Amino acid sequence: ITANVTCTEISNAGTGTFVLNSGVTLTANVTNKTTTTNINCLSFLAASPATATIVGTVTGGAASNSAPNAGTGAIQNGSTGTLIVQGNVVGGTNVICIGAFNASTGAISVTGNVTGGTGNQCYGLYNISTGAISISGNVAGGSGATAVGAINNAAGTYTITGNVTGGTISTANGIINSSTGTVTITSTTITGTVAI
C-alpha cells in the first residue's frame with residue numbers, strides 16, 4: 001500500500017499479505033481472514049524514523065499460529081519504524097490469533113481500546129522485542145483461556161493510559177509482563193489483571 005487510501009476493510013482470505021509503506025495513512029478496518037497458519041494480514045517493515053498510520057479497528061483472525069513467537073497477527077511491525085493505530089485492537093477466535101504484533105525494535109502506538117480475543121492465547125497486542133508500545137485507551141482480557149489484552153514477552157516497554165481489567169475467565173489477564181521489560185500504567189481502575 002503505497003499511498004493514502006480509504007475503504008471499508010483490508011483483509012486476506014488467502015496466503016498473501018499487505019505491506020504498508022512509510023508515510024501512508026490507511027483508513028480501513030484490518031481483519032485477518034486467512035485460513036492458513038502463520039500468515040499476517042498487514043505488515044509494516046520500514047526502518048526508523050518511518051511511520052505509518054491505520055485508522056480503523058484491527059482484528060485477529062481464526063487461523064491458528066504455531067507459536068506466539070511465529071510473529072503473526074492482523075498487523076505486524078517487523079522493523080524499527082513506528083506503526084500508529086487510531087482505533088481498537090482485538091485478538092482473534094482460534095489459537096494464538098493476535099490483533100497487533102510487535103516483532104522488532106520498532107514501536108506501536110494505539111489510540112483506542114485493546115482487548116484479548118475469544119480463543120486460547122488470542123492476545124490483543126503482543127510484544128516480543130525491545131520495542132516501545134503505547135496505548136491510550138482501556139486494556140482488557142478477552143473470553144478465551146489466556147486471552148490477554150496486552151502481553152510484554154521481552155525487554156520492551158508498555159505505557160498504558162487507561163483502565164486495565166481482566167477478562168471473563170481468570171487466566172485472561174488485562175496485561176502480563178513476562179520478561180525483563182517495563183510496564184507503566186496510569187489508570188483509575190486496575191482489577192485482577194496484572195501478572196509478572
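Refer to the structure printed above.
Draft legend 1. Fine view of the overall build of the chain. Tallying secondary structure elements over the chain gives 0 helices and 22 strands in all. The C-alpha atoms of the chain give a radius of gyration of 15 Å, which matches the 16 Å a tight globule of 196 residues would have. With the C-alpha coordinates of the chain rotated into their principal frame, the extents come out at 40 × 35 × 25 Å. Buried positions account for 49% of the 196 residues belonging to the chain. Sequence separation of at least 24 residues holds for 75% of the intrachain contacts in the chain that already meet a minimum separation of 6. Surface summary for the chain: the accessible area is close to 7300 Å², and the carbon and sulfur share equals 52%.

Draft legend 2. Structural context of the pairing of strand S14 (residues 132-136). Only one face of S14 is covered, namely the one carrying Ile133 and Ile135; the face carrying Ala132, Ser134 and Ser136 has none of its residues buried. The pairing of strand S11 (residues 107-111) with S14 spans 4 bridges and is classified as parallel. The partner of Thr111 across the bridge, within S14, is Ser136.

Draft legend 3. Broad picture of unusual backbone geometry. Note that the residue after Ser48, namely Pro49, is joined by a cis bond; omega there is 15°. Assignment of secondary structure puts Pro49 in the loop between strand S4 (42-44) and strand S5 (51-55). In this model, Gln121 sits at a positive phi of 60°, which is unusual for a non-glycine residue. Examined against the element boundaries, Gln121 turns out to sit in the loop between strand S12 (114-115) and strand S13 (125-127).

Conventions used here
- Residues numbered from 1 in each chain as written.
- Predicted model: local features only at pLDDT ≥ 70, side-chain atom pairs only at ≥ 80, totals over all residues.
- Heavy atoms only, no water.
- Helix = DSSP H or I, 4+ residues; strand = E, 2+ residues; numbered from the N terminus.
- Rg over C-alpha atoms; globule rule 2.2 N^0.38 Å.
- Buried < 20%, exposed > 50% of the residue type's maximum accessible area, 1.4 Å probe, protein only.
- Contact = heavy atoms within 4.5 Å.
- Areas by Shrake-Rupley, 256 points an atom, 1.4 Å probe, with all protein chains shown as cover.
- Pairing = 2+ DSSP bridges.

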